[in-house]
Amino acid sequence: MRGLDDLEVTGRRVLVRADLNVPIEDGVITDDGRIRASVPTIQTLVARGAKVIVCAHLGRPKGEPNPKYTLRPVAERLGELLGQGVAFAADVVGESALSETNALHDGQVVLLENLRYEPGEESKDDATRRAFAEKLAGLADLYVGDGFGAVHRKHASVYDVPQILPHAAGGLVVAEVGVLKKLTDELERPYVVVLGGAKVSDKLGVIANLLSRVDRLLIGGGMAYTFLKAQGHEVGQSLLQEDQLDQVRGFLDEAAKRGVDLVLPVDVLAATHFAEDAGHEVVEATAIPADRQGLDIGPKTRELFASKLADARTIFWNGPMGVFEFDAFAGGTRAVAEALIASEAFTVVGGGDSAAAVRKLGLPEDGFSHISTGGGASLEYLEGKTLPGLAALED
């Protein structure tokens, strides 16, 4: 995979596929982590005299313009972080995009409007997607793939455009792939993976693949209740995927067969209902009352998980341990994050909600070896899947 050093960019129009899919409420960006992660590659191109055209998606506007998903606030924040003005094109490949990109001078930057306003971006029809990709590629001379959070998508800007233009991987993608190789080809043991989040179904592939690789697998979050139910315990009103019980029983059997230490919560915070101010109590994970739902791991589990992480040499964490958005149920996620920071392991936070939790809880980002920008992409890589966006960048 070629990097930026392999491209002669001075005076040339460079289309950068970035991942700028950040949360925005009432026009205000609430977490700019992905924008900040995209800045170094853009800065490198600016410093080398490129005319930089940034493209990205935001949310799911379903192939048509929607003011709720405009990237305009992102252009403003990107300009602040770059320390220079960033022009904004009001469309993707229309008159505004042509006008703004043609007006660029060396070292200047423009951000195109949301790629997903165009139905061709996500189309499953190869010809439709390719037609849009050719219009997008027509704006530039070179392509840099730097949106790691989107490389698992077979989208026009990720998969098709690099097949049309001379291309290279941006610094962020190179760094992310390097980290993931340390979790697959070059890992040090003990290797411990912590998985959380709402649904087991989101992580079936990665669990199946990890059982042949890890020494310990710690399960928290909403997905833990399906594991507890599979062991024969009642879980009250907790999140449960009944259709996954047989699959989970298979995971439990496979872990036992392989000698993998699969660790489940021993206690939980059981709430009366799903709300920030819900009444709650600590109960044994095997004795959740019928009218209660688990919204976080309990204090004994926090200690147990920390002890299982203490001697690790490699740790991958993806998914919160509870409803961290509610302060009352953020303690489990905080405890796991702090255990990673306290360890001497190579620690990777697997993007998505885990990365958002680190920032929301005010934890030091430099306390971790790496915080990924791509939750879904990281998981699919660890499943052993071929990621379209990475495949397209290989020569």
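Our structure is the block above this text.
Reference entry: report on the structure contained in this document. This structure is a prediction, so every number in the text was calculated from the model and none was measured.

Of note, the amide linkage connecting Arg189 to Pro190 takes the cis form, showing an omega dihedral of 5°. In this fold, Pro190 is placed in the loop between α7 (171–182) and β9 (191–195). Backbone geometry places Asp26, a non-glycine residue, at a positive phi of 55°. Relative to the assigned elements, Asp26 resides in the loop between β2 (24–25) and β3 (28–29).

The subject of this paragraph is empty space enclosed by the protein. According to the stated counting rule, one finds 1 cavity of 30 Å³ or more in the structure shown. Of the volumes computed, that of the largest cavity is approximately 50 Å³. If you trace the largest cavity, you find it lined by Arg17, Tyr143, Gly145, Asp146, Gly147, Ala150, Val151, Val158, Gly389 and Leu393. Split into classes, the residues belonging to the lining of the largest cavity amount to 5 nonpolar, 3 polar and 2 charged.

Closest axis-to-axis distance for the helix α5 (residues 126–137)/helix α6 (residues 156–164) pair is 9 Å, and the angle between their directions is 65°. Taken together, α5 and α6 sit at an angle that is classed as roughly perpendicular. Handedness of the crossing formed by α5 with α6: right-handed. Within the contact between the two elements, α5 uses Arg129, Arg130, Phe132, Ala133, Glu134, Leu136 and Ala137 and α6 uses Ala156, Ser157, Tyr159, Asp160, Val161, Gln163 and Ile164. Grouping the amino acids of the contact of α5 with α6 by side-chain chemistry returns 8 nonpolar, 2 polar and 4 charged.

Looking now at the pairing of strand β7 (residues 142–145). Where burial is concerned, the two faces of β7 agree: the one with Leu142 and Val144 and the one with Tyr143 and Gly145 are both buried. Alignment of strand β1 (residues 13–17) against β7, held across 4 bridges, turns out to be parallel. Its bridge partner lying in β7, Val14 is registered against Leu142. With 3 bridges joining them, β7 and strand β8 (residues 167–169) adopt parallel strand pairing. Paired with Tyr143 across the strands is His167, a residue of β8. In this view, the connection linking β7 to its parallel neighbour β8 by way of α6 has right-handed handedness.

The rules we used
- Residue numbering note: each chain is counted from 1, following its sequence as written.
- Local features in a predicted model are, by the rule used here, given only for residues with pLDDT of at least 70; side-chain atom pairs are given and counted only at 80 or more, and totals for whole chains, interfaces and linings are based on all residues.
- Think of the side-chain values as coming from all heavy atoms in the structure, minus any hydrogens and water.
- Helix and strand assignments come from DSSP, with helices taken as H or I runs of at least 4 residues and strands as E runs of at least 2, each series counted from the N terminus.
- A 1.4 Å probe that fits but cannot get out identifies a cavity on a 1 Å grid over protein atoms alone, an open set with protein on both sides within 12 Å along at least five of seven lines counts as a pocket, and a residue lines either if it has an atom within 4 Å of a point.
- Grid points are joined across faces, edges and corners, and a volume is the space filled by probe spheres set on the points.
- Nonpolar residues are Ala, Val, Leu, Ile, Met, Phe, Trp, Tyr, Cys and Pro. Charged residues are Asp, Glu, Lys and Arg, and all others, Gly as well, are polar.
- Lines are fitted to the C-alpha atoms to define the axes, a helix being fitted only along its stretch in contact, and any angle between axes, read from their N-to-C directions, falls within 0 to 180 degrees.
- Our angle categories are set so that under 35 degrees counts as roughly parallel, over 145 as roughly antiparallel, 65 to 115 as roughly perpendicular, and the remainder as oblique.
- Here a crossing is called left-handed whenever its near helix is offset anticlockwise from the far helix by less than a right angle, and right-handed whenever the offset is clockwise.
- Contact between two residues is taken to exist if any of their heavy atoms lie within 4.5 Å; hydrogens are not considered.
- For each residue, the accessible area found with a 1.4 Å probe, counting protein chains only, is set against the maximum for its type, and the residue is called buried under 20%, exposed over 50%, and partly exposed in between.
- Paired strands are those between which DSSP finds at least two bridges.
- Crossover handedness is defined here as right-handed if the route from the first strand over the helix to the second strand goes clockwise, with the strands pointing away from the viewer.

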